[in-house]
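The chain contents come next:
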Amino acid sequence: MIATPFLLACSPLVLGAGATLIFGRRLRKPPVPGLLFHSVVPKPRAEMAHFPRGRFEKLCDALQQRNYRTLTLHEASNASALPPGEKTVLLTFDDGLQSVYRHALPLLDGCGFRATVFCVSGFYGEDSSWDIFPHNRHLTREEIRSIAQSGHEIGSHTCTHAYLPYLDDQSVRRELSNSKKLLENIIGKAVTSLSFPYGGWNQRIWEIAQETGYTAATLYRGHVGVLKGLFPVQGVHRFDSVDDVLAKLTTTRPLSLVRARSRMMTHFARGTPVWKYRKEYVKV
Ligand SMILES: [Zn+2]
């Protein structure tokens, strides 16, 4: 009987302590904060991965006003030490979609910014039939070559946008090695950066990637400083305002609203390999 009022009196303390432990814990700030886009279009449709072109232009202006300097993933992974106080950012685009070439890169070029574009090498110039939304067109070979010649980096996003943790070692190696070779043949230089489709990775995948010749990869979530060469990026979605995107570059609170929304969208994306299940997927 006495226990109930005692527990009620203590509950705010317990809740407060819990909130401090959870919400107060801060992530270590990554050496180079990163953003992950998929598509930039004038009028976004239903897809959450479509970011409005007008807002992207405002974001570029905001980054310029705040003296941000962009690094490609290759540059970030090879930078020995960045000058203290310098604001750097990784701008990355997954899937290698044509909308990025048409709407995002001209704006980036106008600001002198450089991006890293991760291409799915089995779908040049074709629609994204691997996706739940299968109507996004991929870059052609000529567009990929042109992007590389403009000073942006081309990275691999595998051959078929497979969920790598579901594949056996041989299949993972084939996805990573073949996409690397195919892209290198187009751009005429080494492809050393990787983005894991659906953010799906583990230690096994990363070891195979390194054996295949990759030296850096982006991650949707955390693991900062755990493994050399891995760079966390925050997903950007159509509901993010310019201020939200800027907050993703500076906040270190793991449960901040903008980070929580990014994580939630990542989890939704992981439903795609279940929806589009393939016969080569195995439990490894
Ligand atoms: Zn993707």
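First, a word on scope: everything that follows refers to the structure included in this document. (Residues numbered from 1 in each chain as written. Predicted model: local features only at pLDDT ≥ 70, side-chain atom pairs only at ≥ 80, totals over all residues. Heavy atoms only, no water.)

Turning next to the overall build of the chain. Helix and strand counts for the chain come out as 10 helices and 11 strands. Across the 284 residues that make up the chain, the buried fraction comes to 50%. (Helix = DSSP H or I, 4+ residues; strand = E, 2+ residues; numbered from the N terminus. Buried < 20%, exposed > 50% of the residue type's maximum accessible area, 1.4 Å probe, protein only.)

Let's shift gears to the coordination of the zinc ion. Surrounding the zinc ion are the protein donor atoms Asp95 (OD), His157 (NE2) and His161 (NE2), at 2.0 to 2.2 Å. Along the chain, the residues that donate to the zinc ion are spaced as D-x61-H-x3-H. Of the two residues, Asp95 sits in the loop between strand 5 (88-93) and helix 4 (98-111) while His157 sits in the loop between strand 7 (153-156) and helix 6 (169-187), which places them 62 residues apart along the sequence. Like His157, Asp95 is buried. (Donors = N, O, S within 2.8 Å, 3.2 Å for Na, K, Ca; no water.)

Inspection of the entire model under this criterion finds 8 aromatic pairs. With 5.2 Å between their ring centres and 80 degrees between their planes, Phe37 and Phe56 make a pair best called edge-to-face. With a gap of 19 residues between them, Phe37 in strand 1 (residues 34-37) and Phe56 in helix 2 (residues 53-65) connect regions that are remote in the sequence. One exposure class covers both Phe37 and Phe56, and it is buried. (Phe/Tyr/Trp six-rings, centres within 6.5 Å; stacked < 30°, edge-to-face > 60°.)

A few words on the pairing of strand 1. Taking every second residue as pointing to the same face, both faces of strand 1 are buried, with Gly34 and Leu36 on one and Leu35 and Phe37 on the other. Here strand 1 runs beside strand 5; their pairing, made up of 4 bridges, is parallel. Opposite Leu35, over in strand 5, you have Leu91 as the bridge partner. (Pairing = 2+ DSSP bridges.)

At a minimum axis distance of 10 Å, the contact between helix 6 and helix 7 (residues 203-212) shows a crossing angle of 45 degrees. In terms of orientation, helix 6 and helix 7 fall into the oblique class. In this structure, the crossing between helix 6 and helix 7 has a hand that is right-handed. In contact with Asp169, Val172, Arg173, Leu176, Ser177 and Lys180 of helix 6, helix 7 contributes Arg204, Ile205, Ile208, Ala209, Glu211 and Thr212. Looking at the contact of helix 6 with helix 7 residue by residue, the class counts come to 5 nonpolar, 2 polar and 5 charged. (Axes fitted to C-alpha atoms, helices over the stretch in contact; angles between N-to-C directions. Parallel < 35°, antiparallel > 145°, perpendicular 65-115°, else oblique. Left-handed = near helix turned anticlockwise from the far one by under 90°. Contact = heavy atoms within 4.5 Å. Nonpolar A, V, L, I, M, F, W, Y, C, P; charged D, E, K, R; others polar.)

On to the pairing of strand 9 (residues 216-219), then. Every second residue of strand 9 is oriented toward a common face, with Ala216 and Thr218 on one face and Ala217 and Leu219 on the other, all of them buried. Sheet analysis places strand 8 (residues 193-195) next to strand 9, joined by 3 bridges and oriented parallel. Within strand 9, the residue paired with Ser193 across the bridge is Ala216. Taken together, strand 8, helix 7 and strand 9 form a β-α-β motif whose crossover is right-handed. Pairing geometry for strand 9 and strand 10 (residues 230-232), over 3 bridges, is parallel. (Right-handed = clockwise from strand over helix to strand, strands pointing away.)

Next up on the list: the environment of Glu184. On the secondary structure map, Glu184 appears in helix 6. A sequence separation of 28 residues divides Glu184 from Ser156, and the C-alpha atoms of the two residues are 9.8 Å apart. Sequence-distant contacts of Glu184, defined by excluding residues within four places in its chain, comprise Lys189, Ala190 and Val191.

Before going further, it helps to spend a moment on the state of the cysteines. Scanning the entire structure with this criterion turns up 0 disulfides. Cysteine Cys111 is unpaired, with the sulfur of Cys60 as its nearest cysteine sulfur at 4.7 Å. Given the relative accessible area of 17%, Cys111 is considered buried. (Disulfide = S-S within 2.5 Å.)

As a further point, take the environment of Ser241. Relative to the helices and strands, Ser241 is located in the loop between strand 11 (234-235) and helix 8 (242-250). Judged by relative accessible area, Ser241 falls into the partly exposed class, the value being 31%.

Next up on the list: a nonpolar patch on the surface. A cluster of nonpolar residues, Ile132, Phe133 and Trp275, forms a patch on the protein surface that exposes about 350 Å² of accessible area. Relative to the elements of secondary structure, Trp275 occurs in helix 10 (residues 272-275). (Patch = residues over 30% accessible without salt bridge, like charges linked within 9 Å, V, L, I, M, F, W, Y side chains within 5 Å. Areas by Shrake-Rupley, 256 points an atom, 1.4 Å probe, with all protein chains shown as cover. Salt bridge = Lys/Arg side-chain N within 4 Å of Asp/Glu carboxyl O.)

By themselves these figures say nothing about function.
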